[in-house]
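# Structure at a glance
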Amino acid sequence: MTSEQSHSSNAHSPITGLILAGGQGRRMGRVDKGLQRLHGRRMVDHVYERLCPQVGGIVISANQNQDAYRSFGVRVVSDMVTAAPGDDRGAGPLAGLHAGLSVSRRPLLMSVPCDTPFIPADLVSRLQAQLEQAGAQIAVVRTGNQSHPVFALMRRSVLGHLSEFLKAGGRKIDHWYASLKLVEVDFPDASAFANINTREELQQWEQHAVASSAAHTVTSSPAIKASSNPLPASLPVRDAQALIRKQVPLPRARQTVSLRESLGRVLAEDVISPINVPAHDNSAMDGWAVRSQDLHAQEDTRLQEIGSALAGVPFQGRVEAGQCVRITTGAVMPEGCDSVVVQEVARQEVSDRPDGITCIWVPTGQSAGQNRRLAGEDLAAGKPALRAGTRMNPAAIGLLASIGLTQVPVYQRLRVAILSTGDELCPPGQPLRAGQIYDSNRHTLWGLLQQLGCEVIDLGMVRDDPLLLEAALRQAAASADAVITSGGVSVGEADFTKPMMRKLGEVEFWTIAMRPGRPMAFGWIAAEDNSTHRAMLFGLPGNPVAVMVTFHHFVRAALLRMMGCGDGVRNDSDDAADVAAGDVPLLRARSSVAIRKRPGRTEYQRGVLSRGTRDGRDEPQVRLTGSQGSGILRSMVEADCFIVLDHAQGDVAPGDWVDVMLLEGLQ
Ligand code: AMP
Ligand code: MG
């Protein structure tokens, strides 16, 4: 079973966090509130992200949808003790508390409902301070004169007391609290404890975010009162990837190119093989072609060699009983033969007859059909040799050559415009003035796009001037399928880029729960207001490492999809298509070092893989490439992999297994 404490950064904390979930959601139409989405994420995700750093481990109590809650990799419990069958009232939050207390191994338990996405960052520390100071059994949140009983920090020792209370039929949380030594702790902001009960409330938050043009920096709500404790609501990497995947268009325009020109391009149609490959049954070894029915099971068999079959020069005639034919690898199997005896095992007996006819002795233990390749074994005539959506690599080029093709139907090359923003930028080759830096991002992006097989339109550098940037973006949108910018999307700078980009189309500014990375703009822009041609826009952060990380984890897969990768298998399986279109499989390696990691964001550390020995076993191991600052491009040069530390993961100890994504071979 998954342990409760796997994901917290402060594993030594004496507190288990308990998220009360899986309730009945009566006012929301009997849906599970924790699983409803706010800003593209489940409400429980918001709660988890806020609670995680405050406690040593998390348990979720839910009587339904437990698999969904297990997505965090934490323990999910249901209350079997008190949930009587058919008891529709259930024991409410007390049942959840009971379940949480029963499994918690830490001395304190902090309960929080799953539908309160705004809980404060100092919730636990304030309650704990008061609990200790008052020597109480339980500390409960109060705002103004309202008590919030489900936000409570309690000692594990109250479990026995709660069991008694429930056994005696007690159901009301405040009745139980009344029998405990309780301290109420004042918090200034009631809206931080607001729970979202109805669809209308959910929509109000959702719409408010859109209206305020800050989907992830909500500051106040007209309906739920201003919150001094805004949503952190940075978007998890997976959610951002899913949002991008949904929006990027599939390719349409096709062309036919010559076989060699197709390298790196994406097939626009299935290629049907006009022939069998191999065209005939043939030999996989040098030796003698034989009829397996001639071979004796118990003793060696003597066969007469009646000729030879060479690659390119078939044997003419038919092989009869007791005969065999000398054969070389790749030669067509003579008529009548079904197996090849390799030359190393056969014994030759040279005839003294003038025609030089030779006999061979074949030892026992041969099997029918051995060392023979069947016609069509590699590719069958009339069947797809390659599927649409295949990226043409050297093997694929060879394969099409092997069926005799010289022309290949491909999608048109994706046109991608790149530009760098920033007043501080200077092109390489010119002397730097004070305060300037060389523009490296555009060159990195150029390289990444070349490797991907895109046609790159380099629009140079643009100063931090909305009018200039607008003109450059309009030009980019007119000439490209996708536009990649670097810089100008971080919180301070986005103030001027945001309204301008929005004017050109639909662009969202995200704060992504990742490091490096974080700010990113995504959407589409058009060259002119009524233009039907749209270009996808990826506004990447300015830091050089963040550019590469966001490119690898968001842009690459999107561009591959726009190029048509995985197209042909999309109908068979979305998973297969996603792999073909850039979902990179992760490997596992042991970390040779400790890595600090905060739960609640995905981190991409630059690593170097090697082989190590542990307990006598050979194992892959990974270390960090020194400093991991997001401006240190050297770390990307030295690295051969990303160490991918998952959203929920906490610190890594030396010897822990970590996910690793190879950079080499990534295109
Ligand atoms: P920004 O996202 O525009 O705030 O930039 C973040 C950091 O990245 C700053 O230190 C910039 O100087 C740096 N930076 C921005 N653009 C580039 C670029 N094209 N090449 C190298 N560094 C850059
Ligand atoms: Mg800048």
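Below is a summary of the structure that appears in this document. (Residues numbered from 1 in each chain as written. Chains lettered and ligands numbered in written order. Predicted model: local features only at pLDDT ≥ 70, side-chain atom pairs only at ≥ 80, totals over all residues. Heavy atoms only, no water.)

### Topic: unusual backbone geometry
Val 277 connects to Pro 278 through a cis peptide bond whose omega is -5 degrees. Along the chain, Pro 278 turns up in the loop between strand 12 (271-272) and strand 13 (282-283). For the bond from Arg 515 to Pro 516, the omega torsion is -5 degrees, close enough to zero to count as cis. Structurally, Pro 516 can be placed in the loop between strand 28 (505-515) and strand 29 (519-526). Here the phi dihedral of Asn 65 falls at roughly 50 degrees; this positive angle occurs in a residue that is not glycine. Among the secondary structure elements, Asn 65 is positioned in the loop between strand 4 (57-61) and helix 2 (66-69). Of the residues examined, Asn 65 reaches a relative accessible area of 36% and is grouped as partly exposed. At Asp 615, a position not held by glycine, the phi torsion is positive, near 50 degrees. (Helix = DSSP H or I, 4+ residues; strand = E, 2+ residues; numbered from the N terminus. Buried < 20%, exposed > 50% of the residue type's maximum accessible area, 1.4 Å probe, protein only.)

### What to know about the site of ligand 1
Around ligand 1 there are 17 residues in total, and Glu 424, Asp 439, Gly 488, Glu 493 and Gly 542 lie nearest to it. Between Asp 439 and ligand 1, the recorded distance is 2.7 Å, taken from a side-chain N or O atom to a nitrogen atom. At a separation of 3.4 Å, an oxygen atom of ligand 1 approaches a polar side-chain atom of Ser 490. Notes on ligand 1: free accessible area 490 Å², of which the protein chains cover 79%. Put simply, the parts of the chain that give the shell around ligand 1 at least two residues each are strand 23 (415-421) and strand 25 (437-438). (Near = heavy atom within 4 Å. Polar contact = N/O pair within 3.5 Å; in protein donor to acceptor, adjacent residues only side chain to side chain. Areas by Shrake-Rupley, 256 points an atom, 1.4 Å probe, with all protein chains shown as cover.)

### Observations regarding helix 5 (residues 159-167)
For helix 5, the full list of buried residues reads Leu 159, Leu 162, Ser 163, Phe 165 and Leu 166. Buried residues along helix 5 cover an arc of 165 degrees about the axis, so they all sit on one side. In helix 5, the exposed positions angled more than 90 degrees off the buried face are occupied by Glu 164 and Lys 167. Elements that come into contact with the buried residues of helix 5 comprise helix 3 (92-103) and helix 6 (173-178). Count one or two residues on from helix 5 and you reach Gly 169, which has phi positive near 95 degrees. (Arc of directions from axis to C-beta. Contact = heavy atoms within 4.5 Å.)

### Description of the sheet that holds strand 8 (residues 146-155)
Strand order in the open sheet made by the 7 strands is 5-4-1-6-8-7-9, with mixed pairing throughout. The sheet terminates laterally at strand 5 (75-77) and strand 9 (182-186), the two strands that pair on one side only. On average, each strand axis in the sheet is tilted by 30 degrees relative to the strand beside it, whichever way the strands run. Looking at chain direction, strand 6 (residues 108-113) and strand 8 are connected through 4 bridges and run antiparallel. Residue pairing in the sheet places Leu 109 in a bridge with Met 154 of strand 8. Set on the sheet, helix 1 (residues 43-51) makes contact with strand 1 (15-20), strand 4 and strand 6; between it and strand 1 the angle comes to about 170 degrees. Its contacts with the sheet place helix 4 (residues 123-134) against strand 1, strand 6, strand 7 (138-143), strand 8 and strand 9, and it is angled at close to 70 degrees to strand 8. (Pairing = 2+ DSSP bridges. Axes fitted to C-alpha atoms, helices over the stretch in contact; angles between N-to-C directions.)

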